[in-house]
Amino acid sequence: MRVGRLTLCKIVSSHLYHMHRPSPSLYRQMSVAAGLKDSGIFRTQGLIGGKWVGAHDGKTLQVNNPSTGEIIADVPLMGRKETNDAISSAYDAFSSWSKLTAAERSKYLRKWYDLIMSHKEELGQLITLEQGKPLKEALGEVNYGASFIEFFAEEAKRIYGDIIPATLTDRRLFVLKQVGPALACGCTVVVKPSELTPLTALAAAELALQAGIPPGVLNVVMGNAPDIGDALLASSQVRKITFTGSTAVGKKLMAGAAGTVKRVSLELGGNAPCIVFDDADLDVAVKGVLAAKFRNSGQTCVCANRVIVQEGIYEKFAEAFSKSVQNLQVGDGFTEGVVQGPLINEAAVQKVESFIQDAISKGAKVILGGKRHSLGTTFYEPTVVTDVKSEMLLAREEVFGPVAPLLRFKTEEEAIRIANDTNAGLAAYIFTNNVQRTWRVSEALEYGLVGVNEGIISTEVAPFGGVKQSGLGREGSKYGIDEYLEMKYVCLGDMNRK
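The following refers to the structure shown. (Residues numbered from 1 in each chain as written. Predicted model: local features only at pLDDT ≥ 70, side-chain atom pairs only at ≥ 80, totals over all residues. Heavy atoms only, no water.)

Description of the overall build of the protein
Cut-off, in case you're wondering: Helix and strand definitions follow DSSP, with helices as H or I runs of at least four residues and strands as E runs of at least two, each counted in order from the N terminus. For this measure, only C-alpha atoms enter the radius of gyration; the expected value for a globule follows 2.2 Å times N^0.38, where N is the number of residues. Classification of residues uses two cut-offs on accessible area relative to the type maximum, computed with a 1.4 Å probe and protein chains only: under 20% is buried, over 50% is exposed, and between them is partly exposed. It only takes one pair of heavy atoms within 4.5 Å for two residues to be counted as in contact.
Regarding its fold elements, the protein presents 15 helices and 19 strands. At 24 Å, the protein has a C-alpha radius of gyration in line with the 23 Å of a compact globule built from 498 residues. For the protein, the spread of C-alpha atoms along the three principal axes comes to 80 × 55 × 40 Å. Relative to its full complement of 498 residues, the protein shows a buried share of 54%. Of the contacts made within the protein by residues no fewer than 6 positions apart, 73% connect residues no fewer than 24 positions apart.

Description of the packing of helix 13 (residues 412-420) against helix 14 (residues 435-444)
This is how it is decided: Working convention: axes come from line fits to C-alpha atoms, limited for helices to the stretch in contact. Angles between N-to-C directions cover 0 to 180 degrees. When describing relative orientation, an angle under 35 degrees is termed roughly parallel and one over 145 degrees roughly antiparallel, while 65 to 115 degrees is termed roughly perpendicular and anything else oblique. Each crossing gets its handedness from the near helix: less than a right angle anticlockwise from the far helix is left-handed, clockwise is right-handed.
One can describe the packing of helix 13 onto helix 14 by two numbers: an axis separation of 10 Å at closest approach and a directional angle of 30 degrees. Comparing the axis directions of helix 13 and helix 14 gives the class roughly parallel. For the crossing formed where helix 13 meets helix 14, the hand is right-handed. Contacts between helix 13 and helix 14 involve E412, I416 and N420 from the former and R437, R440, V441 and A444 from the latter.

Side note on helix 11 (residues 346-361)
Formally: Expected helix span is computed as 1.5 Å times (number of residues minus one).
Between its terminal C-alpha atoms helix 11 stretches 23 Å, which fits the 22 Å expected from 16 residues at 1.5 Å a residue. Inspection of helix 11 places E346, A348, V349, V352, F355, I356, D358 and A359 among the buried residues, and these make up the whole buried set. Elements that come into contact with the buried residues of helix 11 comprise strand 13 (365-368), strand 14 (383-386), helix 12 (393-396) and strand 15 (403-409). Directly after helix 11, the chain includes G363, whose backbone phi takes a positive value near 105 degrees.

Observations regarding the sheet that holds strand 17 (residues 449-452)
Short version of the rule: Two strands pair if DSSP finds at least two bridges between them.
Spatial strand order, 13-14-15-12-11-16-17: seven strands in an open sheet with mixed pairing. Of all strands in the sheet, those bounded by a partner on one side alone are strand 13 and strand 17. Ignoring which end each strand starts from, the neighbouring axes of this sheet average 25 degrees apart. Examined bridge by bridge, strand 16 (residues 427-431) and strand 17 share four bridges and lie parallel to one another. Counterpart to A428 in the pairing with strand 17 is V450.

So, the packing of aromatic side chains
So the rule is basically this: We call Phe, Tyr and Trp rings a pair once their centres come within 6.5 Å, taking the six-membered ring for Trp, and we label the pair stacked below 30 degrees between planes, edge-to-face above 60, and tilted otherwise. Working rule: Lys NZ or Arg CZ, within 6 Å of ring centre, within 35 degrees of ring normal, means a charge sits over the ring.
Tallying each qualifying case throughout the model produces six aromatic pairs. An angle of 85 degrees between the planes, with centres 5.5 Å apart, marks the rings of F277 and F409 as edge-to-face. Of this pair, F277 sits in the loop between strand 11 (272-276) and helix 9 (282-294) while F409 sits in strand 15; the two residues are 132 residues apart in sequence, bridging distant segments of the chain. For F277, a relative accessible area of 0% translates into the label buried. Three or more aromatic residues link up through ring pairs in this structure, and these residues are F294, F317 and F321. Of note, R408 hangs over the ring of Y314, and the distance from its end group to the ring centre comes to 3.8 Å.

A word on the pattern of salt bridges
Just so we agree on the cut-off: Salt bridges are counted wherever a side-chain nitrogen of Lys or Arg sits within 4 Å of a carboxyl oxygen of Asp or Glu.
Applying the stated criterion across every chain, the model contains 23 salt bridges. The salt bridge partner of E315 is R408, with a shortest N-O separation of 3.3 Å. Of this pair, E315 sits in helix 10 (residues 314-326) while R408 sits in strand 15, and the two are 93 residues apart along the sequence. Since its relative accessible area comes to 52%, E315 is described here as exposed. Relative accessible area serves as the criterion here: at 35%, R408 is assigned to the partly exposed category. Across the salt bridge formed by K323 and E319, the nearest N and O atoms sit 3.7 Å from each other.

Considerations on the sheet that holds strand 9 (residues 240-244)
One open sheet holds the three strands; their spatial order is 9-10-18, and the pairing between them is mixed. The open sheet has two edge strands, strand 9 and strand 18 (471-472), and neither has a second partner. Relative to strand 18, strand 10 (residues 263-267) is paired through two bridges, and the arrangement is antiparallel. Within strand 18, the position partnered with E267 by the bridge is G471.

Looking at the pairing of strand 14
In summary, the side chains of a regular strand alternate between the two faces of the sheet. Side chains T383 and V385 project from strand 14 onto one buried face, and the interleaved V384 and T386 project onto a second face that is buried too. The pairing of strand 13 with strand 14 spans three bridges and is antiparallel. Within strand 14, the residue paired with K365 across the bridge is T386.

As structure tokens, this is what we get:
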């Protein structure tokens, strides 16, 4: 959850399941859902100009709980007209919001952060309810998302211009950074969450209103993704689009933004390699790869997609890693001890199944898992596959599921070649106790993020982003704020006049 950016996601048809679930789990989730609806932050309409509104034609779409298939809520199926209204609202609010001092905007954002943290439990429950991930992990996501609001509330007060030494004695030169589409910089936004998981974004928007952020500064629309995207791309009032999602959709947005020459930031697909060298600490490597691979059931853009293991430690690693994966508890996210929830929908499960079948047909071996979980719906068993080759789909494309493909290599040069043999370049991981190798390999890897002996590397204080076809721009850190600023040069002449 990083509010303050536009997120356009491809619509994937959801599927409502009619399978019997263990009654304690179902009752627990029904109880949580009822409590959330009385919490004061549960919203099921779009936010335009500070008002909660439905679609103009009254159409809605369902938000389902992936653990049970139950309907959580109906939300508006918005399109071009509602998006244009949101753009107009944001445009009108810009003039006043941008004129506030950085200190004033910082206070609003700090209050918003405080409200999010005071409602952390409810927001975490909402994430688990609509997305399926374990509650502990969902609470971590709330902390992570809120940390960006806190960080940029502080960073907004540190946006400076420069005075450049003049080349002529009668001139003074300035570089001033103007505002971009980040709230901390004085800009207004239209947020478009995924249709599959809109409720957390709506709850965060409700807390923004409670924090006193003026109407129109933050707007939320959801529904028909192509229509919403087309409206945003066509509007000359929208100066920048930032998108998290697939590379295919990112390319379309980049092409569409050319018509009005918009700035674009893209966080797209990954194919993260996780390289384990012979000299790695086995326990550290197993723990790190487990964290990098199975967080959110493998459904993050920085999840390890290929585990590339040196031949001298391959068998030992495969055995130790499989034992750890076997101990992962699968279930609904509200059950104590569960670390693996369901996949987001049926299409995600079918994609995993097709990748597994492709690998088996080409000689790979499933040594753990490899099928749907007995819990039903969209649960899938944590899976380990050995003897994976680079030509298999598991190594070529992002599986986005709880599957760890193990590839074998001999030399450092071969590991680097395998790791870089992809159009993606978001995150990479290496495990080694050799300091010199750490630097050599980190420099050679064509990735925006590299974790060394660590599987969880994301933080608000470091720049997050990829190279090649994994995107453009950076989120987080002092560099992230530059994505939302324009640079202006001012030359003052006749400065020697007395």
